[in-house]
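Residue strings, one per chain:
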Amino acid sequence: MTNPTPAQVQRQGATACTVHEPRNGQAPQRTFLLGHALGCDHTMWDALTQHLAAENRVVCCDQFGHGASQDPQLVPTGPYTMAQLADEAAALIEALQLGPVVWVGLSMGGMVGQELALRHPDKVSALVLANTTTHYPFEARQGWDTRIATIREQGLQAIVDMAMTRWFHDAFRAAQPEVVAHWRAKVLGCNTAGYIACCEAIRDVDTLERLHRIQVPALVIAGELDLGTPPAMARAIAGQISGAQLVVLPQASHLSVLEQPQAFIQTVDTWLQGLEAGTA
């Protein structure tokens, strides 16, 4: 696992964040806010954080019920909606005085980013939407209902192994069992009620027909082997946001930033260079 640069830990209500200032000691070129996937926490971004924090401010937050954002006295009662999670993100940007951010979100984090850009366009300067979707068809929504019911009856232990098969492809699981075990433990360490409430927000995500309103530059990343949010979902997103770039990472499943960290970083770098040159 990559160890990120030292960071300040800040809290805004129930949300815990780490704030990494630029290592070069200069004013940040950009401010990035990173949103993690369901069942993970901000450490899924360690490699990208280490890279971006050379010249930028990088803020990583734990979603309700995840990581360090599990105080039962502070975490809101579910169910959650994507609109609610986006409003919380906007409040955090305001409270920490971050200014417009480059939002980088994977899976659930990408869903929050879409809604944030739609509901609070002044808070977002650009978007990276990885391994995410805009909505689920009826059958998939039923699948989320089944997952929620299973967790309520049997706990997170009942679904964690299924999650690992969707997060990581077979060859990765065989080659890096310690990484899989690490993230399996992260799921089991979530607050069950918060996890379920986030599942409910994900189940009901619905942004496709509104995405054309987003006017900021966008990079859409998919994993070639992603079963949960396959490349077709990424193509739908890129097709609705004017000027959006789409990149499909080979040999990557759902948690592409963990399976292919260098390819993910290079993809983001190339896109950022295009923004600076006015070609993205």
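Computed from a predicted structure; not experimentally measured. In every chain, residue numbers begin from 1 and rise along the written sequence. pLDDT decides what is reported in this predicted model: residues at 70 or higher carry local features, side-chain atom pairs at 80 or more are listed and counted, and totals for whole chains, interfaces and linings draw on all residues regardless. As a rule here, side-chain values come from all non-hydrogen atoms in the structure, and water together with hydrogens is ignored.

Asks: Would you mind going over the nonpolar core with me for this structure?
Replies: Proteins that are soluble and globular tend to have nonpolar side chains buried together. Only buried Ala, Val, Leu, Ile, Met, Phe, Trp, Tyr and Cys residues count toward a nonpolar core, and they belong to the same one when joined by side-chain atoms within 4.5 Å. Buried, partly exposed and exposed residues are distinguished by accessible area as a fraction of the type maximum, computed with a 1.4 Å probe on protein chains only: under 20%, between the cut-offs, and over 50%, respectively. In terms of nonpolar packing, the biggest core is built from 97 residues, with Met44 and Phe264 touching the most fellow members. Other than its neighbours up to four places away in sequence, Met44 contacts His36, Ala37, Leu106, Trp183, Leu255, Val257 and Leu258. Any two residues whose heavy atoms approach within 4.5 Å at even a single point are treated as in contact.

Asks: Even after reading the chapter, I still don't get the packing of aromatic side chains, so can you show me in this structure?
Replies: A ring pair, where both rings are aromatic, is described by two values, the distance of the centres and the angle of the planes. Stacked, edge-to-face and tilted are the three classes for Phe, Tyr and Trp ring pairs, Trp counted by its six-membered ring, which pair at centre distances within 6.5 Å; planes under 30 degrees apart are stacked, over 60 edge-to-face, the rest tilted. Counting across every chain of the model gives five aromatic pairs. Arranged with centres 5.1 Å apart and planes meeting at 15°, the rings of Phe168 and Phe172 form a pair that is stacked. Among the residues examined, Phe168 registers a relative accessible area of 0% and is labelled buried. Cluster of aromatic residues (ring-pair linked, three or more members): Trp167, Phe168 and Phe172.

Asks: Can you walk me through helix 8 (residues 192-203) in this structure?
Replies: Note that an α-helix has 3.6 residues per turn; residues three or four places apart therefore point the same way. A run of H or I in DSSP becomes a helix once it reaches four residues, and a run of E becomes a strand once it reaches two; helices and strands are each numbered from the N terminus. Expected span of a helix, by definition, is 1.5 Å for each gap between consecutive residues, and there is one gap fewer than residues. The end-to-end C-alpha distance of helix 8, which contains 12 residues, comes to 16 Å, matching closely the 16 Å that a straight helix rising 1.5 Å per residue would cover. With 10 of 12 residues buried, helix 8 is to be regarded as a mostly interior element. All of the buried residues along helix 8 are Gly194, Tyr195, Ile196, Ala197, Cys198, Cys199, Glu200, Ala201, Ile202 and Arg203. Looking at the buried side of helix 8, the elements it contacts are helix 2 (82-95), helix 3 (108-119), helix 4 (138-154) and helix 7 (177-188). Of the residues flanking the start of helix 8, the one acting as N-cap is Asn191, its side-chain oxygen 3.1 Å from the backbone nitrogen of Ala193. Distance and chemistry together define a polar contact, namely a pair of N or O atoms within 3.5 Å, with one atom able to donate a hydrogen and the other to accept it when in protein, and with adjacent residues in sequence counting only for side-chain atoms on both sides.

Asks: Could you clarify how one ought to interpret the sheet that holds strand 3 (residues 31-35) in this entry?
Replies: Strand-to-strand pairing in sheets goes through backbone hydrogen bonds, with the strands running parallel or antiparallel. Judged by pairing direction, the sheet is mixed, and its eight strands sit side by side in the order 1-2-4-3-5-6-7-8 without closing on themselves. At either end of the open sheet lies a strand with only one pairing partner, and these are strand 1 (8-12) and strand 8 (245-249). Each strand axis lies, on average, 20° off the axis of its neighbour in the sheet, ignoring direction. Strand direction decides the pairing type here: strand 2 (residues 15-20) and strand 4 (residues 57-61), joined by four bridges, are antiparallel. Counted as the bridge partner of Cys17 is Cys61 from strand 4. The sheet strands contacting helix 3 are strand 3, strand 5 (101-106) and strand 6 (124-130), and the helix crosses strand 5 at an angle near 145°. Strands were regarded as paired on the criterion that DSSP finds at least two bridges between them. Under this scheme, a helix contributes an axis fitted over its contacting stretch, all axes are lines through C-alpha atoms, and angles between N-to-C directions fall in the 0 to 180 degree range.

Asks: Please clarify how the packing of helix 5 (residues 160-167) against helix 7 should be interpreted in this entry.
Replies: The packing of two helices is summarised by the inter-axis angle and the distance between the axes. Across the interface, helix 5 lies against helix 7 with an axial gap of 10 Å and an inter-helix angle of 130°. Put simply, helix 5 runs oblique to helix 7. In the crossing of helix 5 with helix 7, the sense of the turn from one axis to the other is right-handed. Residue-level inspection shows Val160, Asp161, Met164 and Trp167 of helix 5 in contact with helix 7, the latter providing Val180, Trp183, Arg184, Val187 and Leu188. Residues are grouped as follows: nonpolar covers Ala, Val, Leu, Ile, Met, Phe, Trp, Tyr, Cys and Pro; charged covers Asp, Glu, Lys and Arg; every other residue, Gly included, is treated as polar. Class assignment for the residues of the contact of helix 5 with helix 7 results in seven nonpolar, no polar and two charged. An angle below 35 degrees is treated as roughly parallel, one above 145 as roughly antiparallel, one from 65 to 115 as roughly perpendicular, and anything else as oblique. Handedness of each helix crossing follows the sense of rotation of the near helix against the far helix: counterclockwise by less than a right angle gives left-handed, clockwise gives right-handed.

Asks: Honestly, the pairing of strand 8 in this entry has me stumped. Any pointers?
Replies: Residues in a regular strand point their side chains to alternate faces of the sheet. Relative to strand 8, strand 7 (residues 218-223) runs parallel, the two sharing five bridges. Counterpart to Val220 in the pairing with strand 8 is Leu246. Call a crossover right-handed when, viewed with both strands pointing away from you, the route from the first strand across the helix to the second goes clockwise. Once you follow strand 7 into helix 9 (residues 231-240) and on to strand 8, the crossover reads as right-handed.

Asks: When you look at the environment of Ser125 in this model, what are you seeing that I'm missing?
Replies: Considering the arrangement of structural elements, one finds Ser125 in strand 6. Sequence separation of Ser125 and Arg30 is 95 residues, and the distance between their C-alpha atoms is 9.4 Å. Setting aside anything within four residues of it in sequence, one finds Ser125 in contact with Pro100, Val101, Val102, Val216 and Pro217.

Asks: I would appreciate a short explanation of the pattern of salt bridges in the present structure.
Replies: When the charged atoms of two side chains with opposite charge come close together, those side chains can pair. The working definition used for a salt bridge is a side-chain nitrogen of Lys or Arg within 4 Å of a carboxyl oxygen of Asp or Glu. Enumeration according to the criterion identifies 12 salt bridges in this entry. As a salt-bridge pair, Arg141 and Asp204 come within 2.9 Å of each other at their nearest N and O atoms. On the criterion of sequence distance, the pair formed by Arg141 in helix 4 and Asp204 in the loop between helix 8 and strand 7 is long-range, its members being 63 residues apart. Exposure remark for Asp204: the relative accessible area of 36% places this residue in the partly exposed category. A salt bridge links Arg203 to Asp204; its shortest N-O distance comes to 2.9 Å.

Asks: Would you mind going over the state of the cysteines with me for this structure?
Replies: A covalent bond bridging the sulfur atoms of two cysteines is what the word disulfide describes. Note on disulfides: each one is a pair of cysteine sulfur atoms within 2.5 Å. Using the criterion set out here, one finds one disulfide in the structure. Across the disulfide from Cys17 sits Cys61; the S-S distance is 2.2 Å. Judged by the sign of its S-S torsion, about 100°, the bond between Cys17 and Cys61 is right-handed. Taken as a pair, Cys17 in strand 2 and Cys61 in strand 4 lie far apart in primary sequence, 44 residues in all. Each member of the pair, Cys17 as well as Cys61, is classed as buried. Take Cys40: it sits in no disulfide, and the sulfur closest to it among the cysteines is that of Cys190, at 7.9 Å. For Cys199, which is in no disulfide, the shortest distance to another cysteine sulfur is to Cys198 and amounts to 7.4 Å.

This is a description of form; function is not addressed.
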